[in-house]
Amino acid sequence: MIKGISASKGYAIGQAAIKSNEDIIITETKINDVAAEKNKLSVAIELTRKQLNIISQKAEKEVGKDNSSIFESHMMFLDDPEFTGMAEASIENNMINAEKALQDVVNEYMGIFAAMDDEYMRERGADVRDVGDRIQSNLAGKSYGKMDEIGENTIVVARDLTPSDTAQLDKSKVIAFLTDIGGRTSHTAIMARTLEIPAVVGMKDITARVKNGDNVIADGCEGIVILNPDKKTLDEYKQKKYEFEKERELLKKLVNIKTRTKDGKRIEVVGNIGKPEDVNKVLENGGDGVGLFRTEFLYMDRDSIPTEEEQFQAYKYVTQKMGDRPVVIRTLDIGGDKKLSYLPMAEEMNPFLGLRAIRLCLGRIDIFKPQLRALLRASAYGNLKIMFPMISSLDEFLESKRILKECMQELKSEGKAFNEKLETGIMVEIPAAAVCADELAKHVDFFSIGTNDLIQYTIAADRMNEKVAYLYNPMHPAVLKLIKMTIQAAHAEGKWCGMCGEMAGDENAVPTLLEYGLDEFSMSASSILNTKKLIINN
Ligand code: PEP
Ligand code: MG
């Protein structure tokens, strides 16, 4: 048994096919004819562009536009004057061959991605390597990344799978991916989840341990692989596979079901998103809307605050995609563990108790107002609701509303449309808000309980500190009491109450939350169907 990282759930039983990229050895040679060398590079880049266009169209047909957009980012490297310009400049300045000049540029870009904080961005280094390898293959006149004819039930084993590798695979025959490297956000992992086939990644040396044609069991649930299993193991996994697929089929049937409890109460199961594109997964998994859009992600991985217009486009996209389904968008929650490189913030002894979220926004109207204006403008396109984070007192909510009203006045005088009746609510994630929920409920349109923070503040157990993780318990009686109080307070004023902390998708907590009368459960898209099932059976 070989252990790796579970990147996509499910079980596959089939034969291994190893994808090896013929390594192209790149050496530096001195050249005399700069123009000829540059021309060689530009011919290879043009050929690469043509190939990527074909692959991208094929991928779009197979996995849809959103999942094939990766090739657009590949194409962007080809169109990036800096990327190609640096290679050309190196040919000229160093009088070296195109292959070596290109390789240096690719390495430099990969180094930049590798140094980024964000895991997703780090993984994008694989994209520039993929483009680079493809251009190198074209420079060398070789075909790139193709696998020989593969048979039915193929388990693809590779060091890593690039987007163009997976685009060229015959998906009807591939039943699992196993790779030496990569993590849960690597391309292989994302692709496997999209195709709904199991994947085990980060196995270090699976390509060396397996031979073409070996019988293989891939267990994407536990992240393990079994080579040439005996009959008993094989039977055991056939059964697991059967049960997993039966369960998945049953869950799929729930996509279009409006969730009700056994006694007939309608419960909304909605998704948490961080990027506008994430709405697609929410829809695919049958989400009734968006219960939390963490807008701070729009502010990250860039050099400046997104403009009102940029934000408007993002909020409008999500709102329109969701049609008449609710979209709860939370105003900026920065501070605590989330920092912006371009927004200097003073060092704090206790950042989680410091200038975070609404506290920061109320002191920085220049940041707050453009976001509110963008949200208001997007509200003209669907069922958008605004939610303020980290509210600890009524004053903070009333002040936020006052500024929102100011923005409404401005937009009116500018003749810009917005929904005058849009709902505004708060996150209940500070114990003070839960305790004063009866008073707050008179003023808000809704509550959404942020248990990730509510638990840490109630038990005084840092949510990031593994040393006190044993104390961080969603089912602590104090936490449960605060949740119950909050829901009751909302209902007493005829308002609705949701939950967007991780607890909403926690199998152990769902029955209790239903008993308390929670109206809306918001969670990551992949948990939606399972939660729907739990609610229906409750
Ligand atoms: C929460 O605190 O429960 C929550 C959903 O917000 P975040 O995790 O973004 O702090
Ligand atoms: Mg929070």
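Please refer to the structure higher up on the page.
Residues numbered from 1 in each chain as written. Chains lettered and ligands numbered in written order. Predicted model: local features only at pLDDT ≥ 70, side-chain atom pairs only at ≥ 80, totals over all residues. Heavy atoms only, no water.

Novice: Break down the overall build of the protein chain for me, with residues and values.
Specialist: From N to C terminus, the protein chain includes 23 helices and 16 strands. Expected size for 538 residues packed as a compact globule is a radius of gyration near 24 Å; at 26 Å, the protein chain falls within 12% of this value. Overall, the protein chain is about 75 × 65 × 45 Å in size when its C-alpha atoms are taken along their principal axes. When burial is assessed residue by residue, the protein chain has 51% of its 538 residues classed as buried. Taking as baseline every contact in the protein chain between residues at least 6 positions apart, the subset at least 24 positions apart corresponds to 68%. As presented, the protein chain carries roughly 24,700 Å² of accessible surface, and 51% of it is formed by carbon and sulfur atoms. One way to put it: in the protein chain the 71 positive side-chain charges average out to a point 4 Å from where the 84 negative ones average out. (Helix = DSSP H or I, 4+ residues; strand = E, 2+ residues; numbered from the N terminus. Rg over C-alpha atoms; globule rule 2.2 N^0.38 Å. Buried < 20%, exposed > 50% of the residue type's maximum accessible area, 1.4 Å probe, protein only. Contact = heavy atoms within 4.5 Å. Areas by Shrake-Rupley, 256 points an atom, 1.4 Å probe, with all protein chains shown as cover. Lys, Arg positive; Asp, Glu negative; His and termini not counted. Charge placed at Lys NZ, Arg CZ, Asp CG, Glu CD.)

Novice: Which residues make up the packing of aromatic side chains, and what values do they have?
Specialist: What describes a pair of aromatic rings is the distance from one ring centre to the other and the angle between the planes of the rings. Inspection of the entire model under this criterion finds eleven aromatic pairs. Ring centres of Phe 77 and Tyr 109 lie 6.0 Å apart, and the angle between their planes is 75°; on these two criteria the pair is classed as edge-to-face. With Phe 77 in helix 3 (residues 70–79) and Tyr 109 in helix 5 (residues 98–114), this pair connects stretches of sequence that are 32 residues apart. Both residues of the pair, Phe 77 and Tyr 109, belong to the buried class. The ring centre of Tyr 381 lies 4.8 Å from the NZ or CZ of Lys 316, which sits over that ring. (Phe/Tyr/Trp six-rings, centres within 6.5 Å; stacked < 30°, edge-to-face > 60°. Lys NZ or Arg CZ within 6 Å of the ring centre and 35° of its normal.)

Novice: Describe the coordination of the magnesium ion (ligand 2), with residues and values.
Specialist: Looking at the magnesium ion (ligand 2), the protein donor atoms are Glu 429 (OE) and Asp 453 (OD), and they sit 2.0 to 2.1 Å from it. Taken as a pair, Glu 429 in the loop between strand 13 (424–428) and helix 18 (431–435) and Asp 453 in helix 20 (residues 451–459) lie far apart in primary sequence, 24 residues in all. With a relative accessible area of 1%, Glu 429 lands in the buried category. (Donors = N, O, S within 2.8 Å, 3.2 Å for Na, K, Ca; no water.)

Novice: Tell me what's going on with the sheet that holds strand 11 (residues 326–330), and back it up with residues and numbers.
Specialist: Taking strand neighbours around the barrel as the criterion, the eight strands line up as 9-10-11-12-13-14-15-16 in a closed arrangement whose pairing is parallel. Going from strand to strand, the sheet's axes swing by 25° on average, the running direction of each strand aside. Bridge count between strand 12 (residues 383–388) and strand 13: three bridges; the pairing is parallel. Bridge assignment links Met 387 to a residue of strand 13, and that residue is Gly 425. (Pairing = 2+ DSSP bridges. Axes fitted to C-alpha atoms, helices over the stretch in contact; angles between N-to-C directions.)

Novice: So what about the sheet that holds strand 1 (residues 2–3)? Which residues, and what values?
Specialist: Strand pairing in a sheet relies on backbone hydrogen bonds. The paired strands run either parallel or antiparallel. Taken in spatial order, the eight strands of this open sheet run 1-8-7-3-4-5-6-2, and their pairing is mixed. Edge positions in the sheet fall to strand 1 and strand 2 (5–8), since each has one partner strand and no second. Across the face of the sheet, helix 11 (residues 231–252) comes into contact with strand 3 (11–19), strand 7 (215–219) and strand 8 (224–227) while running at roughly 110° to strand 3.

Novice: If you had to explain the site of ligand 1 to someone new, which residues and values would you point to?
Specialist: With respect to spatial proximity, 15 residues lie near ligand 1, and among them Arg 294, Arg 330, Gly 450, Asn 452 and Arg 463 are the closest. Within the contact set of ligand 1, an oxygen atom lies 2.8 Å away from a side-chain nitrogen or oxygen of Arg 463. Against a free-state accessible area of 290 Å², the protein chains account for coverage of 99% of ligand 1. Sorting the residues of the shell around ligand 1 by element identifies strand 10 (290–294) and helix 20 as the ones contributing at least two each. Examining the composition of the shell around ligand 1, we find that three residues originate from one element, helix 20, more than from any other. When its residues are assigned to classes, the shell around ligand 1 shows three nonpolar, four polar and eight charged. (Near = heavy atom within 4 Å. Polar contact = N/O pair within 3.5 Å; in protein donor to acceptor, adjacent residues only side chain to side chain. Nonpolar A, V, L, I, M, F, W, Y, C, P; charged D, E, K, R; others polar.)

Novice: Which residues make up the side chain of Ser 448, and what are the values?
Specialist: By the secondary structure assignment, Ser 448 is in strand 14 (residues 446–449). Looking at Ser 448, the relative accessible area reads 1%, which means it is buried. Setting aside anything within four residues of it in sequence, one finds Ser 448 in contact with Met 387, Ile 426, Met 427, Val 428, Gly 498, Met 499, Cys 500 and Glu 520.

Novice: Please give an account of the pairing of strand 8 that cites residues and values.
Specialist: Bridge count between strand 1 and strand 8: two bridges; the pairing is antiparallel. Its bridge partner being in strand 8, Lys 3 is matched across the sheet by Ile 224. Sheet topology note: the strand 7/strand 8 ladder contains four bridges and is antiparallel. The partner of Asp 219 across the bridge, within strand 8, is Ile 224. Linking two consecutive strands that pair antiparallel, namely strand 7 and strand 8, is a turn of four residues; a positive phi of about 75° is found at Gly 223 within it.

Novice: Just give me the short version of the packing of helix 4 (residues 81–94) against helix 5, but keep the residues and values in it.
Specialist: Two numbers describe how helix 4 lies on helix 5: the axes approach to 8 Å, and their chain directions differ by 135°. The orientation of helix 4 relative to helix 5 falls into the category oblique. Read as a crossing pair, helix 4 and helix 5 show a hand that is right-handed. Taking contact as the criterion, the partners of Glu 82, Phe 83, Met 86, Ala 87, Ser 90 and Ile 91 in helix 4 are, on helix 5, Ala 98, Ala 101, Leu 102, Val 105, Val 106, Glu 108 and Tyr 109. A per-class count over the contact of helix 4 with helix 5 returns ten nonpolar, one polar and two charged. (Parallel < 35°, antiparallel > 145°, perpendicular 65-115°, else oblique. Left-handed = near helix turned anticlockwise from the far one by under 90°.)

Read these as spatial facts, not as claims about activity.
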